[in-house]
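This is what each chain is made of:
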Amino acid sequence: MSIPNFKQRYYILLKSYFNDPDEKYLFEIEKLGRELVQENVPPEDIAEIHEEAVACLAEAYPDARLIESARYLSTPLMEIMMAYGLAFREWIEASEKSRSELQKYARELEQANRELKKYSKGLQQSKKQFTTFMDNLPAAAFIKDDRGFILYSNSYLKEHPEIEKRIRDEGAKEKDSNTKIESLAGLEGNELFYRTIRFPINQGDGIILYGGLGIDVTEQVRAEEMMVKAKLAAEEANNTKSSFLANVSHELRTPLNSIIGYSDFLLEQTAGPLNEKQKKYVDNISMSGKHLLSLINDILDLSRIEAGKMELRYTEVSVSRLICEVLTTLIPLASKKGISLDKDIDPQLWVLHADEAKLREILYNLTSNAIKFTPYNGSVAVRTRIAGGLAEISVRDSGIGISQEDRKKLFQPFSQIDTWEVRTYQGSGLGLTIVQKLVELHGGKIWIESEVGKGSTFIFTLPIKQT
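Residues numbered from 1 in each chain as written. Predicted model: local features only at pLDDT ≥ 70, side-chain atom pairs only at ≥ 80, totals over all residues. Heavy atoms only, no water.

The name given to the chain in an unreviewed UniProt entry is histidine kinase, with the source organism recorded as Methanosarcina horonobensis HB-1 = JCM 15518. Annotation of the chain in UniProt includes, under Subcellular location (unreviewed entry), the sentence "Membrane". (UniProt positions renumbered as here; feature names shortened; annotations may be inferred.)

This is the structure:
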């Protein structure tokens, strides 16, 4: 608002107050004073506005009356001056407060700017580290949007355009996390294999990107294929071997049974008497035939196990009865060397769910071996107990013991320890191998604890009840 307008308004208010000194006019004058501050009117102009208004009143009224009413005219001047002063002070205070807040905001902005620079520097460093890491990966890495457009790819992917083309061709079909091996044609037309890993990256606000890795596993796949082929070839060769051994064993057993039968018949001298030399020769024929038949039977059993044709017939087996029967059978062999046979049966282990014939064979083989390799007047003991929820059966002897080196070949087929006792007792070298296979068929395991000169203990475990 211009100064003349202020003058006009003040004159009207002053004239109204002169005619009727009511406070309502003073309130209006006070408002006018505050407006003068808002319009940036300097304080010296207020006196001028008042003097001009009084001069205008002097023209309209006699001088005597103006003098009498001087006290009324000074009041509006004081009101307008006070209002101006108060408004001006409020403006100053508001300006100071605004300036203080502005300075505080500037300081906060400066701090935020420093933090932003620090964050930006850290972000650049992280980006550099990420890029360095990804570019040194021996694998293709990429990030693409939901339209299939590649947003990021590492140097490996850029160096193998055939992979990048495959990724672009895939688009964004697969949006769930998955891992699989894919084949693709190389630049030279050769087939390559890549293990691909794809996964979604949730950006928030409904924005989802898709990341992935492609690792070259061509050599691994080729090696696995060769291993499968080699395994199939080995299985075929093993089956051929087992079939051959079974056929040969069958063909050998028929004449061997005749040789053994006729030699035993001659030893009975039913067909006529034999002199001592004849008896010795016929006895050698019978013993050699029986040894050869035992060897053939062992080979046949092993070939059946390896071919997976050995079936177990599970029954409830009385452990105590079976051990007593095996020890009773071996009493003559032990008596020849003065070896004592002992047993320690766990009363809680009465029954096993197993193939009785195969379990008998395991116990017979281990116990007879213990007797063979125990010196005269020694001892052999069979012990049973429950350990870790399994049946544990051990055969301990006070024999020659077995060295650490010899233990390595104990369960190998046709392998025997070179000792005087081994040379004395002929064997096929398959007994312990068959024992191990039979134990494993039952779902158990077998091992040995031995010390040279102090004897050996063969221990095997079996599930108490088959599942």
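**Q** Tell me about helix α10 (residues 319-329), residues and numbers included.
**A** Every buried residue of α10 is listed here: V319, S320, L322, I323, V326 and L327. Down the axis of α10, the buried side of the element spans an arc of 165°, and every buried residue falls inside it. Of the residues in α10, the exposed ones pointing more than 90 degrees away from the buried face are T328 and T329. Those residues of α10 that are buried lie in contact with β6 (314-318), α11 (331-335), β7 (340-344), β8 (351-355), α12 (356-372) and β9 (379-387). (Buried < 20%, exposed > 50% of the residue type's maximum accessible area, 1.4 Å probe, protein only. Helix = DSSP H or I, 4+ residues; strand = E, 2+ residues; numbered from the N terminus. Arc of directions from axis to C-beta. Contact = heavy atoms within 4.5 Å.)

**Q** Please set out the sheet that holds strand β10 (residues 390-397) residue by residue, giving values where relevant.
**A** A sheet is described by the order of its strands in space; here 5 strands give the open sequence β7-β9-β10-β12-β11, paired in mixed fashion. One side of each edge strand has no neighbouring strand; the edge strands of this open sheet are β7 and β11 (445-451). Put simply, the sheet's adjacent strands are angled 15° from each other on average, direction ignored. Where β9 and β10 come together, 8 bridges link them in antiparallel fashion. Counted as the bridge partner of I386 is A391 from β10. Where α12 meets the sheet, its contacts fall on β7, β9, β10, β11 and β12 (455-463), and the angle it forms with β12 comes to roughly 170°. (Pairing = 2+ DSSP bridges. Axes fitted to C-alpha atoms, helices over the stretch in contact; angles between N-to-C directions.)

**Q** If you had to explain the packing of α10 against α12 to someone new, which residues and values would you point to?
**A** Think of two packed helices as two axes; the pair is described by the angle between the axes and how far apart they sit. Direction vectors running N to C along α10 and α12 enclose 45°, while the axes themselves pass 10 Å from each other. With respect to their mutual orientation, α10 and α12 come out oblique. Along this stretch, α10 crosses α12, giving a crossing that reads as right-handed. Facing α10, whose interface residues are R321, L322, I323, E325, V326, L327 and T329, α12 presents E356, L359, R360, L363, Y364 and T367. When its residues are assigned to classes, the contact of α10 with α12 shows 7 nonpolar, 2 polar and 4 charged. (Parallel < 35°, antiparallel > 145°, perpendicular 65-115°, else oblique. Left-handed = near helix turned anticlockwise from the far one by under 90°. Nonpolar A, V, L, I, M, F, W, Y, C, P; charged D, E, K, R; others polar.)

**Q** Residues and numbers for the layout of surface pockets, please.
**A** A water-sized probe rolled over the atoms picks out the places where empty space is left. Roughly 170 Å³ of internal volume is contained in the second largest pocket. For the second largest pocket, the full set of lining residues is D344, A381, V382, R383, T384, R385, E392, S394, R396, T457 and I459. For the lining of the second largest pocket, the elements supplying multiple residues, two or more each, are β9, β10 and β12. Here the element with the most residues in the lining of the second largest pocket is β9; it accounts for 5 residues. A per-class count over the lining of the second largest pocket returns 3 nonpolar, 3 polar and 5 charged. (1 Å grid on protein atoms, 1.4 Å probe; cavity = no way out; pocket = protein on both sides within 12 Å on 5 of 7 lines; lining within 4 Å. Points joined across faces, edges and corners; volume = space filled by probe spheres on them.)

**Q** Describe the pattern of salt bridges, naming the residues involved and giving the relevant values.
**A** Applying the stated rule across the entire model yields 10 salt bridges. Put simply, K409 and D406 hold a salt bridge, and the shortest N to O gap is 3.9 Å. The exposure class of K409 is partly exposed, given its relative accessible area of 31%. In this structure, the salt-bridge partner of E451 is K454, at a minimum N-O distance of 3.6 Å. Since its relative accessible area comes to 61%, K454 is described here as exposed. (Salt bridge = Lys/Arg side-chain N within 4 Å of Asp/Glu carboxyl O.)

**Q** Could you give me a rundown of the nonpolar core, with the residues and numbers involved?
**A** Counting 42 residues, the largest nonpolar core has L359, L363, L366, F458 and F460 as its most contacted members. If you tally residues by element for this core, the top one is α12, at 6 residues. Shared between two domains, this core holds at least three residues of each, these being domain 3 (223-306) and domain 4 (312-463). In terms of nonpolar packing, the next biggest core, distinct from the first, is built from 16 residues, L36, I46, I49 and L57 among them. (Core = buried A, V, L, I, M, F, W, Y, C linked by side-chain atoms within 4.5 Å. Domains from an automatic or database assignment.)

**Q** An account of the pairing of β9 is requested, with residue identities and associated values reported.
**A** Note: β7 against β9, 5 bridges, orientation parallel. Across the sheet, S340 pairs through a bridge with S379, a residue of β9. What sits between β9 and β10 in their antiparallel hairpin is a turn of 2 residues, with G388 showing a positive phi close to 60°.

**Q** Lay out helix α1 (residues 3-19) in plain terms, naming residues and giving numbers.
**A** The end-to-end C-alpha separation of α1 is 24 Å, in line with the 24 Å expected for 17 residues at 1.5 Å each. When α1 is considered as a whole, its buried residues turn out to be F6, Y10, Y11, L13, L14, Y17 and F18. (Expected span 1.5 Å × (residues − 1).)

**Q** Help me get a handle on the sheet that holds strand β5 (residues 207-216), residues and values and all.
**A** Hydrogen bonding along the main chain pairs the strands of a sheet, whether they run parallel or antiparallel. Strand order in the open sheet formed by 5 strands is β2-β1-β5-β4-β3, with antiparallel pairing between adjacent strands. Edge positions in the sheet fall to β2 (150-153) and β3 (178-185), since each has one partner strand and no second. On average, each strand axis in the sheet is tilted by 25° relative to the strand beside it, whichever way the strands run. Strand direction decides the pairing type here: strand β1 (residues 139-144) and β2, joined by 3 bridges, are antiparallel. Bridge pairing links K144 to I150 in β2.

**Q** Account for a nonpolar patch on the surface, with residues named and values stated.
**A** A surface patch of nonpolar side chains, amounting to about 350 Å² of accessible area, comprises L116, Y119 and L123. Assignment of secondary structure puts L123 in helix α5 (residues 70-135). For L123, a relative accessible area of 47% gives the class partly exposed. (Patch = residues over 30% accessible without salt bridge, like charges linked within 9 Å, V, L, I, M, F, W, Y side chains within 5 Å. Areas by Shrake-Rupley, 256 points an atom, 1.4 Å probe, with all protein chains shown as cover.)

**Q** Lay out the packing of aromatic side chains in plain terms, naming residues and giving numbers.
**A** Under the criterion given, the structure shown has 1 aromatic pair. Its end group placed over the ring of Y376, K337 keeps NZ or CZ at 5.9 Å from the ring centre. Positioned over the ring face of W447 is K445, at 5.6 Å from the centre of the ring. (Phe/Tyr/Trp six-rings, centres within 6.5 Å; stacked < 30°, edge-to-face > 60°. Lys NZ or Arg CZ within 6 Å of the ring centre and 35° of its normal.)

**Q** Could you give an account of the side chain of T218, with specific residues and numbers?
**A** Here T218 is to be found in helix α8 (residues 218-267). In terms of polar contacts, T218 uses its side chain to reach the backbone amide nitrogen of F193, at 3.0 Å. Setting aside anything within four residues of it in sequence, one finds T218 in contact with E191, L192 and F193. (Polar contact = N/O pair within 3.5 Å; in protein donor to acceptor, adjacent residues only side chain to side chain.)

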